[in-house]
Structures are given as C-alpha cells and as structure tokens.
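# Fold and contact review
Below, each chain spelled out in residue letters.
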Amino acid sequence: MGRIVATFATTQEMGVTNPLPGLPLIESPLFLTMADAMGLSEEEKRIGRDLFQQGYAVFDFPDADIDARIERIKTRLAPHYGVDFADPEADKTSGERRIQDAWQSDPDVQSIAANEAVIALLSKLYGRQAFPFQTLNFPVGTQQEAHSDMVHFSSLPEKFMCGVWLAMEDIQPDAGPLFYYPGSHRWPVMSNALIGRRGFETSLNSAQDPFAEAWRGLCAAQNAQPSTFLARKGQALIWCANLLHGGSAQNDPRLTRWSQVTHYYFDDCIYYTPAFSDEALGKLQMRRIESITDGQLRPNLYQGQPAEQAFASGGSARAGSAGKTGGFGSKARRALRRAFGG
Ligand SMILES: O=C(O)CCC(=O)C(=O)O
Ligand SMILES: [Fe+2]
C-alpha cells in the first residue's frame with residue numbers, strides 16, 4: 001500500500017482553516033475542499049475520500065509482523081472459545097463467539113489495536129487524536145443484524161468514533177463475512193428521541209434491539225443493497241460511526257472467520273451510550289473510557305473542560321436541563337431533585 005505518514009498535525013498546524021471542528025474531517029461537507037491542503041499522501045487521500053463518500057475504506061494493515069501476530073493470537077485465544085478448531089468437521093459456531101478486550105492480556109491484540117500508523121491515519125483524517133478503547137476477537141461470523149455502533153458508543157460532538165475490522169484469515173463467502181451498506185453513514189443517526197423511546201436508566205438485552213426495526217425500515221425504503229467484505233488475511237476495513245454493518249449468515253458452520261475489531265474514539269469528547277441516554281434532557285449515560293495505548297483513562301471532555309464541570313458551570317437552568325447526567329456528582333443530583341421535587 002502507499003505510505004501512511006506516522007505523524008498527526010491539527011488542521012490549524014497544517015495551515016488549513018476548518019470552520020467546523022465539531023465534525024470529523026472525513027464527515028464534514030468541507031472535507032473535499034480541505035483535503036488538498038491537508039498534505040495527505042495519495043493513499044491517505046484515497047482512504048479519506050472513501051470514508052467521506054462511502055462511510056468505509058479498505059486498506060492493508062500496516063504491520064510487517066501481522067502474519068506472525070495473527071498466528072500467535074489464534075494459538076492463545078483458541079482454547080477459550082470451547083470449540084475443536086483442529087477438527088475440520090466440527091461446528092465452529094457452537095461455543096463462545098467472541099472475546100472482548102483480550103488486549104488486556106494479549107500483547108499481539110494490544111499491538112494491533114495500538115498500531116501507530118493506524119492511529120496516525122485516523123487522527124489525521126478525523127482532525128483529533130485517535131485512541132483505541134475496545135477490542136473484540138471473533139473466531140467465526142457474528143451473524144449480527146445490520147446496526148450502527150453509534151447506539152453503543154457515541155461521542156459529543158458526534159461521530160468521533162470508528163471501527164477497524166481486521167481479517168485474520170482469507171474470508172470465505174460461507175463463513176458469514178462482514179457486510180455493510182455503502183453510504184449509510186449519512187442516514188439519520190439513531191437516538192431514543194428519533195424512535196420515540198426513553199432510554200435513561202432503562203435496561204436492554206442488547207442496546208441495538210429498540211433500533212432494529214428503524215434500521216430495517218431505512219434499508220427497505222432505500223432498497224439498499226449490502227456489500228460483503230471478502231477480505232484477504234491482513235486486509236482491514238474502517239467503518240464510520242454511523243455506517244450500518246453486520247455479519248452475514250454463516251452458511252457453513254465448519255468454517256472459521258477469524259477477525260479482530262478495534263473500536264476507536266478521539267480526544268476531547270464526551271463518550272456515552274445513546275441507547276441509555278435522553279440527550280434532550282441532558283441525561284447521558286457517560287462511559288468510563290480507557291485508552292488501549294497506555295491503559296490510562298480518557299476523561300469525558302467538552303471543549304477541553306471536564307464534562308461535569310462544563311455542564312455545572314452553565315446558567316441557572318442547568319440543574320434541570322443537564323443535572324442528572326450519568327457520571328454527575330451527588331450535588332448536581334440534589335440540585336435536580338430540588339428543581340423538580342423528585
Ligand atoms: O464482525 C462482524 O460481523 C461485525 C462486528 C461488529 O459489528 C462490531 O464489532 O461492531
Ligand atoms: Fe458493530
């Protein structure tokens with residue numbers, strides 16, 4: 001692949017005027033006009049354009065040791081799935097289908113998630129410093145219905161989140177390949193407000209459940225056709241925060257479909273779960289986010305200030321409008337109770 005420059009400069013440092021810093025660069029209507037001045041390599045430009053237009057981009061994972069890492073990961077993780085991978089006839093889909101956050105104990109999973117060239121690329125294309133915060137390792141297809149990750153992981157400002165899906169073997173059509181709807185990153189962003197539901201302090205089997213019907217409706221109305229990613233081992237796909245994607249049916253349960261997904265956030269945002277939030281009421285289920293690069297917390301920030309402080313130093317209406325936000329202190333909660341007699 002072309003060169004991915006491993007440094008990150010803000011648009012300001014690049015001498016590019018960006019009047020919309022609250023949008024990721026590749027999500028901005030101004031991206032194509034800014035791209036030329038951003039000093040991107042041809043490959044970076046191609047990836048940026050694909051993300052802007054289609055909501056996803058395919059690239060070769062920039063790690064000379066990727067094959068060796070993949071083999072070590074398979075050897076170490078295989079015993080945890082409860083499946084006999086050595087038997088070609090065994091049903092590989094019967095056991096546990098995923099391991100979350102293996103990066104905490106597996107140096108190769110960590111190294112893939114914290115790959116410096118990928119972080120530099122994402123930082124450049126989004127206009128804020130990227131960091132990985134979650135890994136998922138799958139030995140088979142997930143067979144998940146189409147969804148956007150934004151109902152789980154969102155940010156304020158929105159869309160400062162993406163996934164990188166890495167093929168850890170050549171993916172067979174009958175192994176339940178990843179699918180996605182090109183261009184769906186521009187469809188309406190799902191929220192409880194949009195589907196007429198209250199979410200704060202509710203519980204769900206899956207955060208995706210209440211939104212599934214709306215996603216199906218959008219796909220049907222647009223007659224949208226999914227594309228599948230029949231990846232070669234070592235190829236990766238970036239999906240934008242709002243791109244609809246899922247796992248195709250795994251027609252042959254004897255096959256494996258080894259893959260790693262790393263989810264990334266970006267600095268200077270509030271990180272929260274929309275499925276359990278009511279944004280209009282300032283009720284956010286904020287997340288406690290740790291960066292995989294250094295294991296350190298990345299606090300919820302709003303324009304450089306801790307989010308709680310940013311909310312609390314507003315006007316006198318603040319207790320009512322933003323008081324009972326997940327992660328708030330008891331003082332704000334008391335203020336809210338006073339304001340509403342709750
Ligand atoms: O690998 C797949 O089939 C989909 C995974 C996915 O949706 C995710 O990790 O967000
Ligand atoms: Fe997903």
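Worth saying up front: this structure is predicted, and the values here are computed from it rather than measured.

The omega angle of the peptide bond from Leu156 to Pro157 is -5 degrees, so this bond is cis rather than trans. One can find Pro157 in the loop between strand 4 (154-156) and strand 5 (161-167). Even without being glycine, Gln143 reaches a positive phi, approximately 50 degrees. A positive phi angle, near 50 degrees, is found at Asn223, a position not held by glycine. Tracing the sequence through the fold places Asn223 in the loop between helix 7 (212-221) and strand 7 (227-228). The class for Asn223 is exposed, based on 6 C-beta atoms found within 10 Å.

Buried residues dominate strand 3 (residues 130-138), accounting for eight of its nine residues. Across two bridges, the pairing between strand 2 (residues 99-100) and strand 3 is antiparallel. Within strand 3, the position partnered with Gln100 by the bridge is Leu136. Pairing analysis gives eight bridges linking strand 3 to strand 10 (residues 259-266), with the strands arranged antiparallel. Across the sheet, Asn137 pairs through a bridge with Gln260, a residue of strand 10.

Turning next to the site of ligand 1. The local shell around ligand 1 holds 14 residues, among which Leu136, Thr142, Leu178, Gly247 and Val261 are the closest. Looking at the shell around ligand 1, the elements that each hand over two or more residues are strand 3, strand 5, strand 9 (245-247) and strand 10. A total of three residues in the shell around ligand 1 trace back to one element, the largest contributor, which is strand 9. Here the shell around ligand 1 is built from residues that sort into five nonpolar, eight polar and one charged.

Quick look at the environment of Leu301 now. Structurally, the position occupied by Leu301 is in strand 14 (residues 301-302). By C-beta crowding, Leu301 is classed as partly exposed, having 17 other C-beta atoms within 10 Å. With 33 residues separating them in the primary sequence, Leu301 and Asp268 have C-alpha atoms 5.0 Å apart. Aside from chain neighbours lying at most four places away, what touches Leu301 is Asp268, Cys269, Pro306 and Ala307.

Rules behind the numbers
Residues numbered from 1 in each chain as written. Chains lettered and ligands numbered in written order. Predicted model: local features only at pLDDT ≥ 70, side-chain atom pairs only at ≥ 80, totals over all residues. Helix = DSSP H or I, 4+ residues; strand = E, 2+ residues; numbered from the N terminus. Buried ≥ 20, exposed ≤ 12 C-beta atoms within 10 Å, placed from the backbone. Pairing = 2+ DSSP bridges. Near = placed C-beta within 6 Å. Nonpolar A, V, L, I, M, F, W, Y, C, P; charged D, E, K, R; others polar. Contact = placed C-beta atoms within 7 Å.

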